[in-house]
Amino acid sequence: MKTAVITGGTDGIGRKLAQTLLERGDRVVVIGRSSAKAEAVHAAAARLGAADRLEFLPADLSLVSENHRVVDYLRSAYPAIDILALGARYYRSSRALTADGFEASFALFYLSRYLLAHGLAETLGRSTTPIVLDLSGPGGDLARINWDDLQFARGYDPDAVMHQCGKLSDLLAVAFVRAHAHSGIRYLLLHPGLTATGFTGSYSAEDAATVAGMRRRGQPVDAAVARIMRHLDHPAVPPLSAFMQDTSVDTTGAAFDIAAAERLAAHTRELLAGTGPVPHA
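These remarks concern the structure in this document. (Residues numbered from 1 in each chain as written. Predicted model: local features only at pLDDT ≥ 70, side-chain atom pairs only at ≥ 80, totals over all residues. Heavy atoms only, no water.)

1. Side note on the environment of Glu39
Okay, so step 1: For Glu39, the location among the structural elements is in helix 2 (residues 35–47).
Okay, so step 2: Residue classification places Glu39 among the exposed positions, given a relative accessible area of 57%.
Okay, so step 3: Here the alpha-carbon distance between Glu39 and Phe56, two residues 17 residues apart in the chain, equals 9.1 Å. (Helix = DSSP H or I, 4+ residues; strand = E, 2+ residues; numbered from the N terminus. Buried < 20%, exposed > 50% of the residue type's maximum accessible area, 1.4 Å probe, protein only.)

Here is the structure:
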C-alpha cells in the first residue's frame with residue numbers, strides 16, 4: 001500500500017486521481033479548502049469501501065503558515081510518503097494578495113509547491129519509490145519569467161501569471177533535484193492535456209467565456225488521470241523528467257537553466273525569511 005498526498009484533491013483531476021489510487025488499495029491524503037467538496041470525496045471513498053484509507057486535511061495553501069502546518073502534520077502522521085501530487089491552482093482575472101502580502105497565484109501555484117516539496121523531502125526519501133508529481137506546463141522560454149516583478153505588482157496579466165507559474169515550477173524542480181540529489185526522489189513535471197474540469201477560479205465575464213470553450217474542448221477527466229497513472233506507474237529513470245501529455249520535454253536545455261533555478265531558490269528563501277522555518281533548497 002502506497003501513501004499519496006494530493007493538493008487540489010477535492011475537485012477535477014486531483015479528485016479523480018485520489019479515487020483511482022483508493023481503488024487500487026492505496027492510502028490517500030487530500031488537501032483542500034472546501035469542506036463541502038471534501039464530503040463528496042469521503043462519500044465516494046465510502047462507496048469504494050475505502051473510507052479508512054482517506055484523510056481530508058483542510059488547508060488554505062496560499063498561506064505560508066498553512067503549508068508549515070500541513071508539513072508538520074504529515075511528517076508526524078506518516079512515516080513515509082510515496083507520492084506527492086501538487087495540483088493546487090486558482091485562476092484570478094484580477095490581482096489579489098494573500099494575508100501574507102504575496103500575489104495569490106504566486107503563493108498558491110509556486111510558494112506552496114516549494115514549501116511542500118522541500119518540507120516533505122525527508123519523508124518522501126523514506127519511500128522505496130518516491131515521486132513528486134507537479135501538474136503544470138513544463139518547457140517554454142525563460143523570457144516568460146518577469147524577474148523584475150515576479151508578483152506582477154505592475155501590469156497584472158492573469159495569463160502571463162499562470163504561464164510564469166509553470167516556468168517557476170520548472171525551476172523549482174531543477175533546484176529540488178540538485179538539493180536532494182541522494183534522496184532517490186523523482187520529480188515529474190506533467191501537463192496531462194486540456195481537460196474538462198471545473199477550472200476553479202475567479203473570472204471576468206470575458207475570461208469565463210473563454211474557459212467555457214476550453215471546458216467544451218477538453219478531454220474527460222478519466223483520460224487525463226489514465227495518462228497520469230501511466231507516468232506514475234512507469235516513471236522516467238532520471239531524477240527530473242517532464243512531459244506534455246506523453247511527449248518528453250528536454251530538461252537539460254536552456255528552459256531548465258541551473259543558474260536561473262538557483263536564482264529563484266535564493267529569491268524564495270529571501271521572501272520566506274521570517275515566515276517560519278525555510279526548507280533547505
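2. Quick word on helix 8 (residues 221–233)
One turn of an α-helix holds 3.6 residues; hence residues three or four places apart share an orientation.
Okay, so step 1: With 13 residues, helix 8 ought to run about 18 Å at 1.5 Å a step, and its terminal C-alpha atoms sit 18 Å apart, in line with that.
Okay, so step 2: Residues of helix 8 that are buried: Val221, Ala224, Val225, Arg227, Ile228, Met229, His231 and Leu232. (Expected span 1.5 Å × (residues − 1).)

3. Remarks on the packing of aromatic side chains
Okay, so step 1: A complete count under the given rule lists 3 aromatic pairs for this structure.
Okay, so step 2: Between Phe106 and Tyr110 the ring centres are 5.4 Å apart and the planes differ by 45°, which places this aromatic pair in the tilted class. Linking Phe106 with Tyr110, this pair stays in helix 4 (residues 104–119), spanning 4 residues, or about one helical turn.
Okay, so step 3: An aromatic cluster of at least three residues, connected via ring pairs, comprises Phe106, Tyr110 and Tyr114.
Okay, so step 4: Stacked on the ring of Phe256, the Lys or Arg Lys167 has its end atom at 5.0 Å from the ring centre.
Okay, so step 5: Its end group placed over the ring of Trp147, Arg263 keeps NZ or CZ at 4.1 Å from the ring centre. (Phe/Tyr/Trp six-rings, centres within 6.5 Å; stacked < 30°, edge-to-face > 60°. Lys NZ or Arg CZ within 6 Å of the ring centre and 35° of its normal.)

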